[in-house]
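What follows is the residue order along each chain.
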Amino acid sequence: MANEETIIQLKGMGKEFKTANGPVVALNDINLDIYRGEIFGIIGLSGAGKSTLVRCINMLEVPTSGQVLFEGENLAAMSEAERRMARQSMGMIFQQFNLLSQRTVLKNICFPMEIAKNHSYTKAEAKNRAMELLKLVGLEERAGAYPAQLSGGQKQRVAIARAIATNPKVLLCDEATSALDVSVQAQIIRLLKKLADGMKMSYLFISHDLALVSSLCDKIAVMYHGEIVESGATREVMEHPKEEYTRLLLDSVLSVPYGNQTIS
Ligand code: ADP
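In this report, we go over the structure that sits alongside the text. The structure displayed is predicted, hence computed values, not measured ones.

Re the packing of helix α3 (residues 105-115) against helix α4 (residues 123-136)
Logical step 1: α4 packs onto α3 with a crossing angle of 120° between their chain directions and a minimal axis gap of 9 Å. Taken together, the axes of α3 and α4 lie oblique to each other. Seen from above, α3 lies across α4 with right-handed handedness. On α4, the residues that touch V105, L106, I109, C110 and M113 of α3 are A126, K127, R129, A130, M131, L133 and L134.

The following block contains the structure:
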């Protein structure tokens, strides 16, 4: 029986890709609990399996073993309609923003409300909510702009507004700040922190950038070669890593002490 406060549970999850050169094990025996309202970070070098893990949670990939539970329900055992509802409860932001180039900023944010199955927004309601969200992300002046007219940081703000438009229970962030300059990354992290404080939403924040993850996340898991080698409270893992790999990762990527990495 799942803890009623867990939003996502991964149980013995594995993913193997079949390729022309033979099978590639991208994930092996992943066990993870993400609680309601928690900001959970996954760190690891490129190729560790982070994106595959997110894609298995939001059903872009089907795990080859184990289970993904959303609010205690096994995604694989859900009906098509239930799965669609679960998927709508997961917002997603990516490194490449993935905005619709032919639509204005306002219409990009209206889009998930137009296709939502669990809400029925009238056009006017969707537009009002999109304007509120634009205000929240500090872009109310740019409602009529097209994505090509925005900076990278502005595009990611629009993507965040779009991702939270239908009040998801969890926001999946896959390298969401990696394409941005450091100062813009800090703005986006500040925005995500502000949203986390204001909404009862969980975050799963995936990045190869340990400093960024540690500045945002309550808990972290360290991935290596498709496995979680260590997880726990961020400060605990950062200051007292139990595994040799985590120590090596920390030594290789942190040039200043953890306390000085915080972005506020
Ligand atoms: P990360 O996000 O940590 O960089 P990925 O999840 O993208 O890692 O990749 C994990 C492993 O799975 C890598 O070895 C990658 O080459 C492999 N992989 C990912 N997607 C596919 C795919 N569609 N087909 C074959 N191999 C894949």
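Things to note about the pattern of salt bridges
Where side chains of opposite charge bring their charged atoms close, a pairing between them can arise.
Logical step 1: Enumeration according to the criterion identifies 10 salt bridges in this entry.
Logical step 2: The partner of E61 in a salt bridge is K15, and the shortest N-O contact between them spans 3.6 Å. With E61 in the loop between α1 (50-57) and β4 (65-70) and K15 in strand β1 (residues 6-19), this pair connects stretches of sequence that are 46 residues apart.
Logical step 3: Exposure remark for K15: the relative accessible area of 9% places this residue in the buried category.
Logical step 4: With a closest N to O distance of 2.7 Å, E38 and K219 form a salt bridge.

Structural notes on the environment of I109
Logical step 1: Along the chain, I109 falls in helix α3.
Logical step 2: A relative accessible area of 0% means that I109 is categorised as buried.
Logical step 3: When near neighbours in sequence (up to four residues on either side) are disregarded, I109 contacts A130, L133, L134, V158, A161, R162 and A165.

Observations regarding the state of the cysteines
Logical step 1: A full pass over the atoms with the stated rule returns zero disulfides.
Logical step 2: Summary of cysteine pairing: C56 is not part of a disulfide, and the nearest cysteine sulfur, belonging to C173, is at 18 Å.
Logical step 3: Judged by relative accessible area, which is 1%, C56 ranks as buried.
Logical step 4: Not part of a disulfide, C173 finds its nearest cysteine sulfur in C217, a span of 8.7 Å.
Logical step 5: Its relative accessible area of 0% is what places C173 among the buried residues.

Examining the sheet that holds strand β2 (residues 22-35)
Logical step 1: If you trace the four strands from one edge of the open sheet to the other, you get β2-β1-β4-β5, paired in antiparallel fashion. The open sheet has two free edges, formed respectively by β2 and β5 (73-74), since each of these has just one partner strand.
Logical step 2: Here β1 pairs with β4 via five bridges, running antiparallel. By the bridge assignment, Q9 is partnered in β4 with L69.
Logical step 3: Where α1 meets the sheet, its contacts fall on β1, β2 and β4, and the angle it forms with β1 comes to roughly 115°.

Basis of the calculations
Residues numbered from 1 in each chain as written. Predicted model: local features only at pLDDT ≥ 70, side-chain atom pairs only at ≥ 80, totals over all residues. Heavy atoms only, no water. Axes fitted to C-alpha atoms, helices over the stretch in contact; angles between N-to-C directions. Helix = DSSP H or I, 4+ residues; strand = E, 2+ residues; numbered from the N terminus. Parallel < 35°, antiparallel > 145°, perpendicular 65-115°, else oblique. Left-handed = near helix turned anticlockwise from the far one by under 90°. Contact = heavy atoms within 4.5 Å. Salt bridge = Lys/Arg side-chain N within 4 Å of Asp/Glu carboxyl O. Buried < 20%, exposed > 50% of the residue type's maximum accessible area, 1.4 Å probe, protein only. Disulfide = S-S within 2.5 Å. Pairing = 2+ DSSP bridges.

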